[in-house]
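Descriptive analysis of the structure
Below are the chains, spelled out letter by letter.
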Amino acid sequence: MKTVTLPKAPRVGLVSLGCPKALVDSERIMTKLRSDGYDMSPDYAGADVVLVNTCGFLDSAKAESLEAIGEAIAEHGRVVVTGCMGKEADVIRERFPAVLAVTGPHQYEEVVAAVHDAAPPVASPFTDLVPESGLKLTPRHYSYLKISEGCNHRCAFCIIPHLRGDLQSRRPDAILREAEKLVEAGTKELLVISQDTSAYGLDLKHAAWPWKGRDVRAHMTDLVRELGQLGAWVRLHYVYPYPHVDSAIPLMAEGLLLPYLDIPFQHASPKVLKAMKRPANEAKVLQRLRDWREQVPDLAVRSSFVVGFPGETEEDFEYLLGWLEEAQLDRVGAFKFEPVEGAAATSMPDQVPEELKQERFERIMDLSARISAAKLAAKVGRTIDVLIDAVDPQTGGATGRSKADAPEIDGEVHLRDAGHFASGDIVSAKVEDSDAHDLYAVPV
Ligand code: SF4
């Protein structure tokens, strides 16, 4: 019998830095490369070319990106750079003249063309097949779903609009098609991301597109209602407390949306929020939180805060701590203000000294750990759903997450006697113990 010898597919090594949004970009690029006949290489040695997807949000992220490029050049030599730092092609080229190509964020065609130049594809009808949902970099059971690019706001500490431009929403039917394919391929949890999820569709004037015989508006509430019917957990990230967010709360009560909101408040002091030029900066947030929790008692709210913003006084910071005590947020991430080249806040007067930033950082983290510990202790004895992320057959244990935990940023649920489960399973478990961030449970 005549056998066909398949040509060896060129292999791409990928170093992906930065936020979940950059990870989605990496997934798209790899999906395209895979459809062009490329294989992935898990290490430098097996790769024909190395792609570094960079992050340029903060100066520390830029430094990390430059370090990753340097390492790839030293270890391999044939390197293509893409992502947010691609906007600073001159800096990269000056420091690493050997880099083959530099492309910016979302320049999918350009980066794919650069990889084609560096390691030409070998056409083969036997290998040019992509799994339906594309080649994913996140575990199969959860997927990030990017609904828009860019941002219409101009927060004083942020250079995202400069890097990524104004809000550009994807069509709802395109998002739903992608989500449906992901669920068909085994995704159990869709993580909706964008710079400003609540602004989704503003640029499209909330026009409607046909989807499965009905019209779906490019609007957060309508989109989420449809996503909720696909049978996966749907979790919303980067939501600002605009009035229409109230309309997402009934969807949680209906079980179409996880009782979880990631709202990057960044501060609470009206004076600091004003200086930060934050959107949806209004005084009644605490009352809204109370109303939401009345409708959905299990609602978990996650947020991030910046401490040491220029001009932040002890009084402002204490206002923030008092607000947090009242708001009882479930999950809190804090960052020390970092001046970024190109951000308005960088040249503001009254910069806060580093030691003071550190002291405030520790105080806010202590407080949020105390709040979190008390909230988690209140769950002991309850039975909750847990989505399993990883199983350890050696110990018979597993780690997973409850509806209140987003992957990578929130806490975990540690399960005992769960070695027979697989990642992606959703199991009922009784909570036996808790600490400041995690729960300990047993399947029931
Ligand atoms: S809302 Fe503010 S912080 Fe977020 S991306 Fe837009 S400008 Fe940056």
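Rules and cut-offs
Residues numbered from 1 in each chain as written. Predicted model: local features only at pLDDT ≥ 70, side-chain atom pairs only at ≥ 80, totals over all residues. Helix = DSSP H or I, 4+ residues; strand = E, 2+ residues; numbered from the N terminus. Rg over C-alpha atoms; globule rule 2.2 N^0.38 Å. Buried ≥ 20, exposed ≤ 12 C-beta atoms within 10 Å, placed from the backbone. Contact = placed C-beta atoms within 7 Å. Pairing = 2+ DSSP bridges. Axes fitted to C-alpha atoms, helices over the stretch in contact; angles between N-to-C directions. Parallel < 35°, antiparallel > 145°, perpendicular 65-115°, else oblique. Near = placed C-beta within 6 Å. Nonpolar A, V, L, I, M, F, W, Y, C, P; charged D, E, K, R; others polar. Core = buried A, V, L, I, M, F, W, Y, C linked by C-beta atoms within 7 Å. Domains from an automatic or database assignment. Expected span 1.5 Å × (residues − 1). Arc of directions from axis to C-beta. pLDDT = per-residue confidence, 0-100.

**Here we look at the overall build of the protein chain**
- In terms of regular secondary structure, the protein chain is built from 12 helices and 20 strands.
- The C-alpha radius of gyration computed for the protein chain amounts to 23 Å, which stays within 12% of the reference 22 Å derived for 444 residues, consistent with globular compactness.
- With the C-alpha coordinates aligned to their principal axes, the bounding extent of the protein chain is approximately 70 × 55 × 50 Å.
- Counting only residues that meet the buried cut, the protein chain has 42% of its 444 residues in that class.
- Taking contacts inside the protein chain between residues at least 6 apart in sequence as the whole, the part at least 24 apart equals 72%.

**Overview of the pairing of strand β9 (residues 189-193)**
- With five of five residues buried, β9 is to be regarded as a mostly interior element.
- As paired elements, strand β6 (residues 142-146) and β9 share five bridges and run parallel to each other. From the neighbouring strand, Y144 faces β9, where its bridge partner is L191.
- The pairing of β9 with strand β12 (residues 233-236) spans four bridges and is classified as parallel. For E189, the partnering residue across the bridge sits in β12 and is W233.

**Here's the deal with the packing of helix α11 (residues 314-327) against helix α12 (residues 354-377)**
- Two numbers describe how α11 lies on α12: the axes approach to 10 Å, and their chain directions differ by 10°. Viewed along their axes, α11 and α12 adopt a mutual orientation that is roughly parallel. Between α11, through F317, L321 and L324, and α12, the contact on the second element is made entirely by R360, R363, I364, L367 and S368.

**A few points about the site of the ligand**
- Around the ligand lies a shell formed by C151, H153, R154, C155, C158, I160, P161, Q195, D196 and P279.
- Counted by class, the shell around the ligand contains six nonpolar, two polar and two charged residues.

**Considerations on the sheet that holds strand β5 (residues 101-102)**
- Across the sheet, which stays open at both edges, the five strands sit in the order β2-β1-β3-β4-β5 with parallel pairing between neighbours. The sheet terminates laterally at β2 (39-41) and β5, the two strands that pair on one side only.
- Bridge count between strand β4 (residues 79-83) and β5: two bridges; the pairing is parallel. Directly across from V81, in β5, lies its bridge partner V102.
- In this fold helix α2 (residues 59-75) packs onto β1 (11-16), β3 (49-54) and β4, with an angle of close to 175° to the strand it touches most, β3.
- Packed onto the sheet, helix α4 (residues 108-118) meets β1, β3, β4 and β5 and runs at close to 175° relative to β4.

**Quick notes on unusual backbone geometry**
- In this structure, Q266 is a non-glycine residue whose phi angle is positive, near 70°.
- Among the secondary structure elements, Q266 is positioned in the loop between β13 (260-262) and α9 (270-276).
- At D350, a position not held by glycine, the phi torsion is positive, near 60°.
- With respect to the secondary-structure elements, D350 resides in the loop between β15 (331-336) and α12.
- C-beta crowding within 10 Å serves as the criterion here: with 10 such atoms nearby, D350 is assigned to the exposed category.

**Some details on the nonpolar core**
- Core analysis: the biggest nonpolar cluster contains 111 residues, and L145, F157, L190 and V234 have the highest contact counts within it.
- The contacts of V234, once residues within four sequence positions are left out, are L190, V192, V224, L227, G228, L257 and L258.

**Notes on the sheet that holds strand β18 (residues 413-415)**
- Reading around the barrel, the five strands line up as β16-β17-β18-β20-β19 and close back on themselves, with mixed pairing between neighbours. Neighbour-to-neighbour, the strand axes of the sheet open up by a mean angle of 50°, direction not taken into account.

**A short note on the domain arrangement of the protein chain**
- Assigned domains of the protein chain: these are domain 1 (11-118), domain 2 (142-377) and domain 3 (383-443).
- Computed from C-alpha atoms alone, the centre-to-centre distance between domain 1 and domain 3 is 34 Å.

**What about helix α6 (residues 172-184)?**
- Across its 13 residues, α6 extends 18 Å between first and last C-alpha, which sits within 8% of the 18 Å expected from 1.5 Å per residue.
- Among the residues of α6, those classed as buried are P172, I175, L176, A179, E180 and L182. One face of α6 carries all of its buried residues, which in axial projection span an arc of 160°. In α6, the exposed residues that point more than 90 degrees away from the buried face are A174, R177 and E184.
- Those residues of α6 that are buried lie in contact with β6, β9, β10 (208-211), β11 (214-217) and α7 (220-227).
- Among the residues trailing α6, G186 stands out with phi positive, at a value near 115°.

**So, the confidence of the model for the protein chain**
- The share of residues in the protein chain with pLDDT of 70 or more is 94%, and the mean pLDDT across the chain is 89.
- Under a pLDDT of 50 for its full length, residues 125-132 has, in the predicted model, 16 contacts with residues more than four places off or in other chains.

**A few points about the pairing of β6**
- In terms of residue burial, β6 counts as a mostly covered element, since five of its five residues are buried.
- The two faces of β6 match: Y142, Y144 and K146 on one face and S143 and L145 on the other face are all buried.

**Concerning the environment of V427**
- Here V427 lies in strand β19 (residues 426-434).
- Along the sequence, V427 and L23 sit 404 residues apart, while their C-alpha atoms lie 28 Å from each other.
- What V427 contacts, discounting residues up to four positions off in sequence, is V386, I388, F421 and P443.

**Section: the environment of E254**
- Mapping E254 onto the fold places it in the loop between α8 (249-253) and β13.
- For E254 and V296, which are 42 residues apart along the polypeptide, the C-alpha to C-alpha distance reads 9.8 Å.

**Points about the environment of D166**
- Checked against the element boundaries, D166 lands in the loop between α5 (160-164) and β8 (168-169).
- Spatially, the C-alpha atom of D166 lies 33 Å from that of E71, the residues being 95 residues apart in sequence.
- For D166, the residues in contact, after removing those within four places along its chain, are G150, N152 and P161.

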